[in-house]
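Examining the three-dimensional arrangement
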Amino acid sequence: MSDQPDDIICSLLQHPFCNRTNHQEKRDIAANCPRPSFVITRGSKSYFSAYTYSMNNWLAFCTTKQALYCWPCLLFSKEPVPTWTVDGFTDFPRLKQYIKKHEGLDNTSRLSKHGQCVIAMSEFMAATNPEMHSFDQLHNEKAVKNRQLVTNLVRIVKYLGRTGMPFRGHDESSSSVNKGCYRELLALICEIDSARTLR
């Protein structure tokens, strides 16, 4: 990537993210939000700290302009947001209230533009990151197995209810020969499923 971390925001303002064609470059840019450490003080009051970054992981700082930007909005917003994507935020004493306003915490009736950009960024990162694909695939496989397990449990309950058979046995200990209808049917289904997966 040719841009230095300090200059990436200025570069994005001149050549927007959506106009870039190199897919790898776009992925690198999205993954590297510029967050240099800095302190804004006026008199004896400090208005920014590393804690603010940790609570708002979307904040980016441009050292050239000495301003904060919203990283997801800068990359994915379809309409410019002057304070957060064009000029940058510099009114540091009122930072907390502007963060709440930008995140849309005052208006919870629908997803804010910022929220839409955050979702667009996470979808972009997931689509361009092969590790995320494998994680999603593992998650989906586990969900299918869990769904099958619950389906089998429901089938057992329906069968026992329909036939009027008791669920429990007199002795359900691990050494018992007959642990009751429910546990015995569950063990049988588990045996059948494991035999199926071995084939």
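Scroll up to find the structure this text is about.
Report on the accompanying structure. (Residues numbered from 1 in each chain as written. Predicted model: local features only at pLDDT ≥ 70, side-chain atom pairs only at ≥ 80, totals over all residues. Heavy atoms only, no water.)

Of note, alanine 127 is situated in helix α7 (residues 113–128). For alanine 127, a relative accessible area of 51% corresponds to the exposed category. Sequence spacing of alanine 127 and arginine 27 is 100 residues, and the spatial spacing of their C-alpha atoms is 9.8 Å. (Helix = DSSP H or I, 4+ residues; strand = E, 2+ residues; numbered from the N terminus. Buried < 20%, exposed > 50% of the residue type's maximum accessible area, 1.4 Å probe, protein only.)

Pairing is possible between side chains of opposite charge, provided their charged atoms come close. All told, the structure shown has two salt bridges when counted by the stated rule. Salt-bridge contacts for lysine 113 lead to glutamate 79; the nearest nitrogen and oxygen are separated by 2.8 Å. Remark: glutamate 79 occurs in the loop between α4 (71–76) and α5 (82–86) and lysine 113 occurs in helix α7; sequence separation between them is 34 residues. The exposure class of lysine 113 is partly exposed, given its relative accessible area of 49%. Under the relative-accessibility criterion, glutamate 79 is labelled partly exposed at 46%. Of the charged contacts, one joins arginine 94 and aspartate 91 as a salt bridge, the two residues approaching to 2.7 Å between their closest N and O atoms. (Salt bridge = Lys/Arg side-chain N within 4 Å of Asp/Glu carboxyl O.)

When you line up the elements, leucine 68 lands in strand β4 (residues 67–70). Each C-alpha atom, one on leucine 68 and one on threonine 90, is 6.7 Å from the other, the two residues being 22 residues apart in sequence.

Attention now moves to the packing of aromatic side chains. Across all of its chains, the model carries eight aromatic pairs by this definition. Here phenylalanine 17 and phenylalanine 124 contribute two aromatic rings whose centre-to-centre distance is 5.7 Å and whose plane-to-plane angle is 80°, an arrangement assigned as edge-to-face. Of this pair, phenylalanine 17 sits in the loop between α1 (8–14) and α2 (23–31) while phenylalanine 124 sits in helix α7, placing them 107 residues apart in sequence. One exposure class covers both phenylalanine 17 and phenylalanine 124, and it is buried. Relative to phenylalanine 92, the ring of phenylalanine 89 has its centre 6.1 Å away and its plane inclined at 85°; by these criteria the two rings are edge-to-face. With respect to class, phenylalanine 89 is no different from phenylalanine 92; both count as buried. Joined through ring pairs, the aromatic side chains of Trp58, Trp84, Phe89, Phe92 and Tyr98 make up one cluster. (Phe/Tyr/Trp six-rings, centres within 6.5 Å; stacked < 30°, edge-to-face > 60°.)

Glancing now at the environment of leucine 111. With respect to the helices and strands, the residue leucine 111 is situated in the loop between α6 (95–103) and α7. Contacts of leucine 111, omitting those with residues within four sequence positions, involve Gln116 and Ile119. (Contact = heavy atoms within 4.5 Å.)

Moving on to the pairing of strand β3 (residues 59–62). Side chains of β3 alternate between two faces, with Leu59 and Phe61 and Ala60 and Cys62 buried alike. Where β3 lies against β4, four bridges are found, and the strand directions are antiparallel. Its bridge partner lying in β4, phenylalanine 61 is registered against leucine 68. A loop of four residues connects β3 with β4, the two strands running antiparallel in sequence, and glutamine 66 in this loop sits at a positive phi of about 55°. (Pairing = 2+ DSSP bridges.)

So, on to α7. End to end, α7 covers 23 Å across 16 residues, agreeing with the expected 22 Å (1.5 Å per residue, within 8%). For α7, the complete set of buried residues consists of His114, Gly115, Cys117, Met121, Phe124, Met125, Ala126 and Thr128. (Expected span 1.5 Å × (residues − 1).)

Moving on: the nonpolar core. Among the nonpolar cores identified, the biggest contains 33 residues, and Ile9, Leu12, Phe17, Leu68, Trp71, Leu75 and Trp84 are the most heavily contacted of them. Those elements that provide at least two residues to this core are α1, α2, β3, β4, α4, α6 and α7. Among the elements that line this core, the one with the most residues is α4, at five residues. (Core = buried A, V, L, I, M, F, W, Y, C linked by side-chain atoms within 4.5 Å.)

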